[in-house]
Amino acid sequence: MSATQQIEPNIDHYLAEYARVERDLPGSDDSKRERSAELTRFSEAGFPSTREEDWKYTSLQPVEKRRFEISDEAEPVALDELRAFLPTDLDAHRIIVIDGHFNAALSSLDELPAGVTVRSFADYLSDNAGATVKAREIDEEPGSLTAMNAAFCTDGAYVETAANTVLDKPLHVISVASGVRDERMTQVRHRYVLGENSQATIIEHSVGLGSKAYFANQVTEAVVGRNAQLTRIRIQQESERGYHVSSFFAQQRRDSRVFNHGFDLGGRLARVDTNARLVDHNAEVHFNGVYAPTGRQHMDNHTKIDHATEHSVSREQYKGVLAGHARGVFNGKILIQKDAQKTDSDLSSDALLLSDNAEVDAKPELEIYADDVTAGHGSTVGQLDEDAVFYLKSRGVGEEGARAILTYSFANALVQKVGIEPIERYVEAAILAKLPGGRAYVDLA
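(A) Layout of the packing of aromatic side chains. Tallying each qualifying case throughout the model produces 8 aromatic pairs. Plain terms: the ring middles of Tyr 18 and Phe 152 are 5.7 Å apart, the flat faces sit at 90° to each other, and that makes the pair edge-to-face. A residue pair is termed long-range when its members are at least 10 positions apart, and Tyr 18 in helix H1 (residues 9–21) and Phe 152 in helix H6 (residues 144–152) qualify at 134 residues. The two residues Tyr 18 and Phe 152 agree in class, both being buried. Three or more aromatic residues link up through ring pairs in this structure, and these residues are Tyr 14, Phe 42 and Phe 47. Here the guanidinium or amino end of Lys 319 rests over the ring plane of Phe 410, the centre of that ring lying 4.6 Å away.

Structural data, given as structure tokens:
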């Protein structure tokens, strides 16, 4: 940073906060130097601004004007307080992080199969002298808030599957903001490393409790080996006082497959960046997402799929359901580089506006530098079919109920792609509960 460069007052606060907590952050001296470099990157760039193209529709001023602090320890949270976020009949391993700190008592990791490691990310950093905060295999993690996370991250989940192993049942990773103390932040980082021919299904669940304002800044890295398969189901249910920012970075080797399902349901403001880079032949990625803001919620999904080599496949489909004065943003970009011949890619975005005051900005993009590819994209924004509403009303369903059922059917097509029935039922019920008149039909899920 040059001597003449001014530090914004809010950035100055985070420099002081880093100095306060630096000694307690996990990792070796090398990782501390890595953190310091990332802190510099964050302080020089500052918080993203609406002057930046990728942030033109999403303002972080509500976050910037506050002075969030790291929690030195987690607030007490009982399992009963989390039961509403545990899908009925879900048989899963479980790791829980509360206020940015691993909670062993509430986690359930005693029956992991041989060849599968699940542990606290903080323990992974502390126990391995060569461990880095950022995965070496990930080419880049752009953005000032990912740098902020790398500097401040306190904990998370570290998952590794050895070659030729299968995680026998899903892993439920729950990140909880207790919401007990005002203006706290969680800086959680997860890393999934899948060896050759291995498979894992991970449910990544962000949950907010309490009534205080908080900032959750999360990064997930996935290093997917040859012929490995990762299924990631992300469920975002922050509290109404929560500000949520998260980024996902996947690096895929030959013949690997990533299935990423995202469901944004909570938070005052949510910004999610989902990225995959296909670096070897025959890699395949699927992004499916549903966002359902109501009231004055703001939800922004940005995605990027980078086809870096030939014979790779991507499929992407997002659906938005917006009610009240809600605002939605979707920007999906597929990059097909010059060496990525024989790429097969498709991207679509559809949104339903359930009120005259709801608003969505959708921008699917194709950037193609190869000449032998199959690629398509499309986007629609509309309202419910009034003839269909009239039909249901003629069968005795009320106005709100008819609209809730039709909206549920619109979003449910992507929910059903998850392939895990307890999760599908849970998400379906959560979507219905948010819709005007939808609670009466939760039993449909």
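(B) How the structure looks around H6. When you tally the buried positions in H6, you get 9 out of 9 residues, the bulk of the element. Those residues of H6 lying buried are Ser 144, Leu 145, Thr 146, Ala 147, Met 148, Asn 149, Ala 150, Ala 151 and Phe 152.

(C) Examining the nonpolar core more closely. Ile 233, Ile 235, Phe 263, Ile 423, Val 427 and Ile 431 are the most contacted members of the largest nonpolar core, which has 43 residues in total. Listing elements by their share of this core, those giving two or more residues are strand E2 (93–98), strand E6 (171–177), strand E8 (199–208), strand E10 (229–237), helix H7 (386–394), helix H8 (399–415) and helix H9 (421–434). In terms of residues, this core owes the most to one element, H8, which gives 8 residues. Filtering out sequence-adjacent residues up to four positions away, Ile 233 remains in contact with Thr 201, Ile 202, Ile 203, Glu 204, His 261, Phe 263, Val 418, Ile 420 and Ile 423. Formed by 42 residues, the second largest nonpolar core is a distinct cluster that contains Val 118, Val 159, Ala 283 and Ile 334.

(D) Up close: the side chain of Arg 257. Along the polypeptide, Arg 257 turns up in strand E12 (residues 257–264). Although Arg 257 is buried, it makes no salt bridge; Glu 284 carries the closest opposite charge, 6.0 Å away. A distance of 3.2 Å separates the side chain of Arg 257 from the side chain of Asn 227, its partner in a polar contact. One polar contact links the side chain of Arg 257 to the main-chain carbonyl oxygen of Asp 255, over a distance of 2.8 Å. Excluding anything up to four places from it in sequence, Arg 257 contacts Val 224, Asn 227, Ala 228, Gln 229, Leu 230, Gln 252 and Glu 284.

The rules behind the values
Residues numbered from 1 in each chain as written. Predicted model: local features only at pLDDT ≥ 70, side-chain atom pairs only at ≥ 80, totals over all residues. Heavy atoms only, no water. Phe/Tyr/Trp six-rings, centres within 6.5 Å; stacked < 30°, edge-to-face > 60°. Helix = DSSP H or I, 4+ residues; strand = E, 2+ residues; numbered from the N terminus. Buried < 20%, exposed > 50% of the residue type's maximum accessible area, 1.4 Å probe, protein only. Lys NZ or Arg CZ within 6 Å of the ring centre and 35° of its normal. Core = buried A, V, L, I, M, F, W, Y, C linked by side-chain atoms within 4.5 Å. Contact = heavy atoms within 4.5 Å. Lys, Arg positive; Asp, Glu negative; His and termini not counted. Salt bridge = Lys/Arg side-chain N within 4 Å of Asp/Glu carboxyl O. Polar contact = N/O pair within 3.5 Å; in protein donor to acceptor, adjacent residues only side chain to side chain.

Structural measurements only, silent on function.
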